[in-house]
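The primary structure of each chain is shown beneath.
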Amino acid sequence: MFRCLSEEDQKKLFPDLLALSCYAHGLSGEAIQLLMLLPRDWVTQNIEAHAENILRDATYEEYRMLIQVYAQLSPALARKLAERAVQSNDDDIKEAGEDYLAQGAGGVVGTS
């Protein structure tokens, strides 16, 4: 059904798809796949602003999943988010960033 929508209507769903992609559940993979159908340049230009609302009260899970989404879009964006996570006072969030950076900032981070 998503593919039947106009690009503008797909873009309107971006915040919801991003929110769905931030939690490890049955729909996160599908949400990420749908995000990847949007124009990559547009997504990379808009993802940080939309993710900021999620990151404001984020836990380890949101950081880890967002780093995974970012890694599929742009290693530079993923590295930036991982470096932000490393600066967190929350040890679990810090670990999410460290895990990504330890992989050479090129791999997709798992959710285990």
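Bear in mind the structure is a predicted one, so any value in this text is a computation, not a measurement.

Definitions and cut-offs
- Residues numbered from 1 in each chain as written.
- Predicted model: local features only at pLDDT ≥ 70, side-chain atom pairs only at ≥ 80, totals over all residues.
- Heavy atoms only, no water.
- Patch = residues over 30% accessible without salt bridge, like charges linked within 9 Å, V, L, I, M, F, W, Y side chains within 5 Å.
- Areas by Shrake-Rupley, 256 points an atom, 1.4 Å probe, with all protein chains shown as cover.
- Salt bridge = Lys/Arg side-chain N within 4 Å of Asp/Glu carboxyl O.
- Lys, Arg positive; Asp, Glu negative; His and termini not counted.
- Charge placed at Lys NZ, Arg CZ, Asp CG, Glu CD.
- Helix = DSSP H or I, 4+ residues; strand = E, 2+ residues; numbered from the N terminus.
- Buried < 20%, exposed > 50% of the residue type's maximum accessible area, 1.4 Å probe, protein only.
- Core = buried A, V, L, I, M, F, W, Y, C linked by side-chain atoms within 4.5 Å.
- Contact = heavy atoms within 4.5 Å.
- Arc of directions from axis to C-beta.
- Phe/Tyr/Trp six-rings, centres within 6.5 Å; stacked < 30°, edge-to-face > 60°.
- Polar contact = N/O pair within 3.5 Å; in protein donor to acceptor, adjacent residues only side chain to side chain.
- Axes fitted to C-alpha atoms, helices over the stretch in contact; angles between N-to-C directions.
- Parallel < 35°, antiparallel > 145°, perpendicular 65-115°, else oblique.
- Left-handed = near helix turned anticlockwise from the far one by under 90°.

Taken together, the side chains of Asp90, Asp91, Asp92, Glu95 and Glu98 make up a negatively charged region of the molecular surface. Position of Glu98 relative to the elements: it lies in helix α7 (residues 91-102). Taking the relative accessible area as the measure of exposure, Glu98 reaches 41% and is therefore partly exposed.

Attention now goes to the nonpolar core. Core analysis: the biggest nonpolar cluster contains 32 residues, and Leu18, Ile47, Tyr63, Leu66 and Tyr70 have the highest contact counts within it. When contributions to this core are tallied by element, the ones reaching two or more residues are α2 (14-20), α3 (28-37), α4 (40-55), α5 (60-73), α6 (75-86) and α7. Examining the composition of this core, we find that eight residues originate from one element, α5, more than from any other. Among all residues touching Leu66, those that are not within four sequence positions of it are Leu18, Cys22, Ala51, Ile54, Leu55 and Leu81.

Within α3, burial applies to Ser28, Ala31, Ile32, Leu34 and Leu35. An end-on view of α3 places all buried positions within 160 degrees of arc, on one side of the element.

For Ala31, the position within the fold is in helix α3. As a C-alpha pair, Ala31 and Ser21 span ten residues in sequence and 5.4 Å in three-dimensional space. Among residues more than four places away in sequence, those in contact with Ala31 are Leu17, Leu20 and Ser21.

Evaluation of the coordinates by the stated rule reveals one aromatic pair. Pairing Phe14 with Trp42 gives two aromatic rings, centres 5.1 Å apart and planes at 80 degrees, and the pair type is edge-to-face. With Phe14 in helix α2 and Trp42 in helix α4, this pair connects stretches of sequence that are 28 residues apart.

Moving on to the side chain of Ser21. Considering the arrangement of structural elements, one finds Ser21 in the loop between α2 and α3. On the basis of relative accessibility, which here comes to 0%, the residue Ser21 falls in the buried class. Among the polar contacts made by the side chain of Ser21, one reaches the main-chain carbonyl oxygen of Leu18 at a distance of 2.7 Å. Once you skip the residues sitting within four places of it in the chain, Ser21 turns out to touch Ser28, Ala31, Ile32, Leu35, Met65 and Val69.

Running from N to C, α4 and α6 point in directions that differ by 25 degrees, and their axes come no closer than 12 Å. Taken together, the axis directions place α4 and α6 in an arrangement best described as roughly parallel. Seen along the crossing, α4 lies across α6 with a hand that is right-handed. The residues of α6 that touch α4, namely those facing Thr44, Ile47, Glu48, Glu52 and Leu55, are Leu77, Lys80, Leu81 and Arg84.

Moving on: the pattern of salt bridges. Scanning the entire structure with this criterion turns up seven salt bridges. Residues Lys11 and Glu8 are paired through a salt bridge, measuring 3.7 Å at the closest nitrogen-oxygen approach. Of this pair, Lys11 and Glu8 both sit in helix α1 (residues 7-12), separated by three residues, roughly a single helical turn. With relative accessibility at 15%, the residue Lys11 sits in the buried group. With a closest N to O distance of 2.5 Å, Asp99 and Arg64 form a salt bridge. Of the two residues, Asp99 sits in helix α7 while Arg64 sits in helix α5, which places them 35 residues apart along the sequence. In the salt-bridge network here, residues are joined through shared partners; they are Glu7, Glu8 and Lys11.

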